[in-house]
Amino acid sequence: MVLNNIFNTILILSIIFILFSDSAIHALLFLVIAFLNGACVCFLFGADFLGLSLVIIYVGAIAILFLFVVMMLNVKASTIKSYQLIPYIIVILFIVTCQIYILLSKTFTNFNFLEFSYYLIENISNEKFFGQTLYNFFLVVILLSGFLLLIAMIGAIILSLEIKNKHKK
Amino acid sequence: MFLIQTTLSFFLFSLGILGIILNRRSILIILMCIEIILLSVNLKSMLFSVYLDDFSGQMFSFFILTVAAAESAVGLAIIIIYYRLRGTIAIYQPILLKG
């Protein structure tokens, strides 16, 4: 419970710091911290394969892509900084979040999760369960996501390809 | 715990949208905020999967990860082309008005 609160607060704080950061590298580092804390929250709920996937795919692939782009391009911080609207928006966000909390507490009443005791029929790990369902029931989705990644790779390569005019002899 | 985590996912979602609206620096921040939005949706889906004892939430979250990676790659390639054409990826009014 305490660990949950710690990771939640660090997650919120790092995402707020992304909006207030000066340079792009700082924003990237806070993004990586946010992803890692999201993965820790996943671990604490028992979805360990999903947490590992978050670390591998989000931090290991997407954040590295962002880092490459930041290194290649000349990312400057703009001189215009308008922070006047931010207190109003934070107040509005807080009110909306409280409304969501009240709404959810009215719909999910008597939601006892931690007090529920269940009988463990078979102790199968989360990764094994993931593999069993993924390759038995979601086979088409795996193949389709493979095609999707292939198309994205081809698209990214073609988009960033620089075709130079060859001299005619 | 369930309520706290659900409202937290919604708060992160709204923070991501806020980052897109209040962005005055560069297009890269928009992509980062899109990743934040997808992260919040992933956490919410995982949470509901754990609490409703249905594995579909985690499965859907796994494929959202795949789609997020694909669209990040293509979005960053588009940013590279934009940089080649404009010379900068800052967005403020004088840059947007330039031809």
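Bear in mind the structure is a predicted one, so any value in this text is a computation, not a measurement.

Thresholds applied
Residues numbered from 1 in each chain as written. Chains lettered and ligands numbered in written order. Predicted model: local features only at pLDDT ≥ 70, side-chain atom pairs only at ≥ 80, totals over all residues. Helix = DSSP H or I, 4+ residues; strand = E, 2+ residues; numbered from the N terminus. Buried ≥ 20, exposed ≤ 12 C-beta atoms within 10 Å, placed from the backbone. Contact = placed C-beta atoms within 7 Å. Rg over C-alpha atoms; globule rule 2.2 N^0.38 Å. pLDDT = per-residue confidence, 0-100. Axes fitted to C-alpha atoms, helices over the stretch in contact; angles between N-to-C directions. Parallel < 35°, antiparallel > 145°, perpendicular 65-115°, else oblique. Left-handed = near helix turned anticlockwise from the far one by under 90°. Nonpolar A, V, L, I, M, F, W, Y, C, P; charged D, E, K, R; others polar. Domains from an automatic or database assignment.

1. Looking at the overall build of chain A
Turning to step 1, where the next piece is worked out: Helices and strands together make up the secondary structure of chain A, namely six helices and zero strands.
Turning to step 2, where the next piece is worked out: When the helices and strands of chain A are listed from N to C terminus, the series reads α-α-α-α-α-α.
Turning to step 3, where the next piece is worked out: In chain A, which comprises 169 residues, the proportion classed as buried is 21%.
Turning to step 4, where the next piece is worked out: When contacts within chain A are restricted to residue pairs at least 6 apart in sequence, those whose partners lie at least 24 apart make up 54%.

2. Some words on the overall build of chain B
Turning to step 1, where the next piece is worked out: In terms of regular secondary structure, chain B is built from four helices and zero strands.
Turning to step 2, where the next piece is worked out: The C-alpha radius of gyration computed for chain B amounts to 17 Å, which surpasses the reference 13 Å derived for 99 residues by more than 25%, pointing to a less compact arrangement than a globule.
Turning to step 3, where the next piece is worked out: Projecting the C-alpha coordinates of chain B onto the three principal axes gives extents of approximately 55 × 25 × 10 Å.
Turning to step 4, where the next piece is worked out: By residue count, 45% of the 99 residues in chain B fall in the buried class.
Turning to step 5, where the next piece is worked out: Contacts spanning at least 24 positions in sequence make up 50% of the contacts within chain B whose residues lie at least 6 apart.

3. Observations concerning the confidence of the model for chain B
Turning to step 1, where the next piece is worked out: Overall, the prediction assigns chain B a mean pLDDT of 88, with 93% of residues at 70 or greater.
Turning to step 2, where the next piece is worked out: In the predicted assembly, ipTM is 0.91 and pTM is 0.89.

4. Considerations on the packing of helix H4 (residues 86-107) of chain A against helix H1 (residues 2-21) of chain B
Turning to step 1, where the next piece is worked out: Put simply, H4(A) and H1(B) touch, their axes get as near as 10 Å, and they point 150° apart. Looking at the two axes, H4(A) sits roughly antiparallel to H1(B). Of the two possible hands of crossing, H4(A) and H1(B) adopt the one that is right-handed. Residue-level contacts link Ile89(A), Leu93(A), Val96(A), Thr97(A), Ile100(A), Tyr101(A), Leu104(A) and Ser105(A) of H4(A) to Leu3(B), Thr6(B), Thr7(B), Phe10(B), Phe11(B), Ser14(B) and Leu18(B) of H1(B).
Turning to step 2, where the next piece is worked out: Each residue belonging to the contact of H4(A) with H1(B) can be placed in one class, and the counts come to 10 nonpolar, five polar and no charged.

5. Description of unusual backbone geometry
Turning to step 1, where the next piece is worked out: Phi is positive for Asp53(B), close to 55°, though the residue is something other than glycine.
Turning to step 2, where the next piece is worked out: Structurally, the position occupied by Asp53(B) is in the loop between helix H2 (27-51) and helix H3 (56-86).

6. A few points about the interface of chain B and chain A
Turning to step 1, where the next piece is worked out: With 54 residues of chain B at the contact, the number on the chain A side is 62 residues.
Turning to step 2, where the next piece is worked out: Elements represented by at least two residues in the side of chain B that touches chain A include exactly H1, H2 and H3 of chain B.
Turning to step 3, where the next piece is worked out: If one sorts the elements of the side of chain B that touches chain A by residue count, H3(B) sits on top with 21 residues.
Turning to step 4, where the next piece is worked out: Tallied by class, the residues present in the side of chain B that touches chain A amount to 41 nonpolar, 10 polar and three charged.

7. Section: the domain arrangement of chain A
Turning to step 1, where the next piece is worked out: For chain A, the assigned domains are domain 1 (1-78) and domain 2 (133-163).
Turning to step 2, where the next piece is worked out: Just the C-alpha atoms count here: the centres of domain 1 of chain A and domain 2 of chain A sit 24 Å apart.

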